[in-house]
Amino acid sequence: MGEHIPPHDVAKNAGPLPGDVRAQTDGIGCSTGRDTLRAQAAENGNAELLARYDADYPLGPHDRPQSMCPAFGSLRVGLRMRRTATVLSGSACCVYGLTFTSHFYGAKRPVGYVPFNSETLVTGKLFEDIRDAVIKLADPTLYDTIIVTNLCVPTASGTPLRILPREINGVRVIGIDVPGFGVPTHAEAKDVLSGAMLAYARKEAEQGPVQRPRGPLSERPTITFLGEMFPADPVGLGRLLDPLGLAAGPVVPVREWRELYSALDCAAVAAIHPFYTASVREFEAAGRPVFGSAPVGVDGTAAWLEEVSRICNVDAAKLDAAKSQILPAIQRALAAKPINGRITISGYEGSELLVARLLVESGADVRYVGTACPHTPWSETDRQWLEAKGVHVQYRASLEQDIAAYREFKPDLAIGTTPVVQKAKESRTPALYFTNLVSARPLFGPAGAGSLAQVINAAIAGKTRLDAMNDFFDGVGTGDNAGVWEKVPEAKPAFRDAIRKKNEKLARQRKAEEMI
């Protein structure tokens, strides 16, 4: 058994520190253009990987992430798992940003880092350093799993995590590549890791007995839920399933390795978040049917219960009894807390269409819903329902499209990403950040009905306060004129024009270099 070294000490034992965080090999660096990085990755043995990512996560109008680094998604999944060590390999600036963000969002586990420089990248020493770090970490008394993630530069250089040992001292080793030039959003990076772990766990289960789940086993057939959700939602979903003779199974992404076996051992999989393409592939390989949408509002809940019953061969009488018990409760909850106002919605979590459905049934005039995630079969029901209600649905929405929708529809409330919220508030429109203030609330069944009304109605009612704030700060300046100045800033158009021309020239030079 190898000596245990805590993750934060791995860097000190994994090779020389980089002399320059812009580590390069044959022109590869963290500032290199997307096309060049993709070409180098394909040349260095990752053509098949990129082809699979292109198929699983098709691009939209923009060819690069417009939210945070995609690797944050997979990093967050790993850091939430018990008995799991996480190791990153990438440029130092990227690793710093990812670790800072993950701990800002409450991660309580350390992140391992295997650094590199030009020499270790070119000679392949980086792979040896990663392997050595994994061997030192592989203590079965502390870990079930070690997750190693390549960021942009190691992926482009072809650092082959796929040839790491699958297991060391009984500790599983999962190697994934999450480059910004291959995975469009951090939401989809959660699928990259979840799919890789499901594939590993499925093969383990096929070979023989596996570890028992931590909790008691259900005597009823279970439904696995695909997609991160509010902590109370699985409990609420279990209550919806109970009258059908079914039970709630694990949520993927899981919180512990052994939950993967329970997730695979289900009657069906509910793709609550519809972008988990790699995970769906593993469930289907295990013979598990997958269905989309979620029990939001009256219509959504009725359709979801019917689909679950069809797949699991639930008796029609049980279905009718469940609907007669659940649907009136949802109707009463929606009627008790109506929402009045025009709303636009945008986000990158994957639940945007579900939130839009719930708001429409709450009485809101929803005109636009944009999601950074792609169109998949598991959101088709939601798209059709929303468009039948006059809502414009935009998959792979860009920031420019979200802001254009805000300007076109002039909502009473804009729900969106940080820049959309900023734009709305600058224009005296109430706005809410989707991730923290909307998606982090229960959505499903009677518990979800009306759950958004309080925060939505309060935000819309805050219009007068927002007007007062804008009036108070009127004249302080905007953009590069914002702030307190001893003198009124003077515009220098000649200087601005010179800088613009210089930047345009540099952009043309970089484009020409990429074409060589």
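Whatever comes next refers back to the structure up there.
Residues numbered from 1 in each chain as written. Predicted model: local features only at pLDDT ≥ 70, side-chain atom pairs only at ≥ 80, totals over all residues. Heavy atoms only, no water.

Undergrad: Go over the pattern of salt bridges, please, and point to the residues and values.
TA: On inspection of all chains with the given rule, the structure shows 29 salt bridges. A salt bridge links Arg38 to Asp54; the shortest N-O distance between them is 2.7 Å. Take Arg38: its relative accessible area is 17%, and that puts it in the buried class. The network of salt bridges with common partners includes Arg82, Arg214, Glu256 and Arg258. (Salt bridge = Lys/Arg side-chain N within 4 Å of Asp/Glu carboxyl O. Buried < 20%, exposed > 50% of the residue type's maximum accessible area, 1.4 Å probe, protein only.)

Undergrad: Now, about the packing of helix α16 (residues 399–409) against helix α17 (residues 418–426): what can you tell me, with residues and values included?
TA: Packed helices, taken two at a time, are described by the angle their axes make and the gap between the axes. Close contact between α16 and α17 brings their axes to 10 Å; oriented N to C, the two are set at 30°. Classified by the angle their axes make, α16 and α17 are roughly parallel. The crossing of α16 and α17 is right-handed. Residue-level contacts link Leu399, Asp402, Ile403, Tyr406 and Arg407 of α16 to Pro419, Val420, Lys423 and Ala424 of α17. (Axes fitted to C-alpha atoms, helices over the stretch in contact; angles between N-to-C directions. Helix = DSSP H or I, 4+ residues; strand = E, 2+ residues; numbered from the N terminus. Parallel < 35°, antiparallel > 145°, perpendicular 65-115°, else oblique. Left-handed = near helix turned anticlockwise from the far one by under 90°. Contact = heavy atoms within 4.5 Å.)

Undergrad: So what's going on with the nonpolar core? Which residues, and what values?
TA: Within the largest apolar cluster, 61 residues are counted, with the highest numbers of intra-cluster contacts made by Ile223, Trp304, Ile345, Leu359, Ile415 and Ile456. For Ile223, the residues in contact, after removing those within four places along its chain, are Leu241, Leu246, Ala247, Ala248, Gly249, Ala268, Ala270, Phe291, Val308 and Cys312. Of all hydrophobic cores here, the second largest spans 48 residues; its members include Val77, Ala201, Trp257 and Leu264. (Core = buried A, V, L, I, M, F, W, Y, C linked by side-chain atoms within 4.5 Å.)

Undergrad: Go over helix α2 (residues 34–56), please, and point to the residues and values.
TA: With 23 residues, α2 extends only 19 Å from end C-alpha to end C-alpha; this falls clearly short of the ideal 33 Å at 1.5 Å per step. At Gly45, α2 shows its largest bend, some 120°. Residues of α2 that are buried: Arg34, Leu37, Arg38, Gln40, Ala41, Asn46, Leu49, Leu50, Tyr53 and Asp56. Those residues of α2 that are buried are in contact with α7 (152–157), β5 (171–177), α8 (186–207) and α11 (277–285). (Expected span 1.5 Å × (residues − 1). Bend = angle between axes of the 7 residues up to and from the residue.)

Undergrad: Give a description of the sheet that holds strand β12 (residues 392–395) that names residues and reports values.
TA: Strand pairing within a sheet occurs via backbone hydrogen bonds; the two strands may be parallel or antiparallel. Read across the sheet, five strands follow the order β12-β11-β10-β13-β14 without closing on themselves; strand pairing throughout is parallel. In the strand order of this sheet, the two ends are held by β12 and β14 (431–433), each with one partner. Strand after strand, the sheet turns through a mean of 10° between neighbouring axes, direction not considered. As judged from the six bridges shared by strand β10 (residues 342–347) and strand β11 (residues 365–371), these two strands associate in the parallel manner. Counterpart to Ile343 in the pairing with β11 is Val366. Packing of helix α14 (residues 352–361) onto the sheet brings it into contact with β10, β11, β12 and β13 (413–416), and relative to β11 it is tilted by some 175°. Against the sheet, α17 engages β10, β13 and β14, with an angle of about 165° to β14. (Pairing = 2+ DSSP bridges.)

Undergrad: How would you explain the sheet that holds strand β9 (residues 290–291) if you had to name every residue and give the values?
TA: One open sheet accounts for four strands, arranged β7-β6-β8-β9; its pairing is parallel. Sheet topology places β7 (247–252) and β9 at the edges, where each strand pairs with a single neighbour. Bridge analysis of strand β6 (residues 222–226) against β7 gives four bridges, and the strand direction is parallel. Of the residues in β7, the one forming a bridge with Ile223 is Ala248. Strand contacts of helix α9 (residues 233–241): β6 and β7, with the helix running at about 150° to β7, the strand carrying the most contacts.

Undergrad: Tell me what's going on with the packing of helix α3 (residues 71–79) against α8, and back it up with residues and numbers.
TA: For the pair α3 and α8, the least separation of the axes is 6 Å and the interaxial angle reads 50°. Considering their axes alone, α3 and α8 lie oblique with respect to each other. You can see that α3 and α8 cross each other, and the crossing is right-handed. Contact residues: α3 offers Phe72, Gly73, Ser74, Val77 and Gly78, while α8 offers His186, Ala189, Lys190, Leu193 and Met197. For the contact of α3 with α8, a count of residues per class yields five nonpolar, four polar and one charged. (Nonpolar A, V, L, I, M, F, W, Y, C, P; charged D, E, K, R; others polar.)

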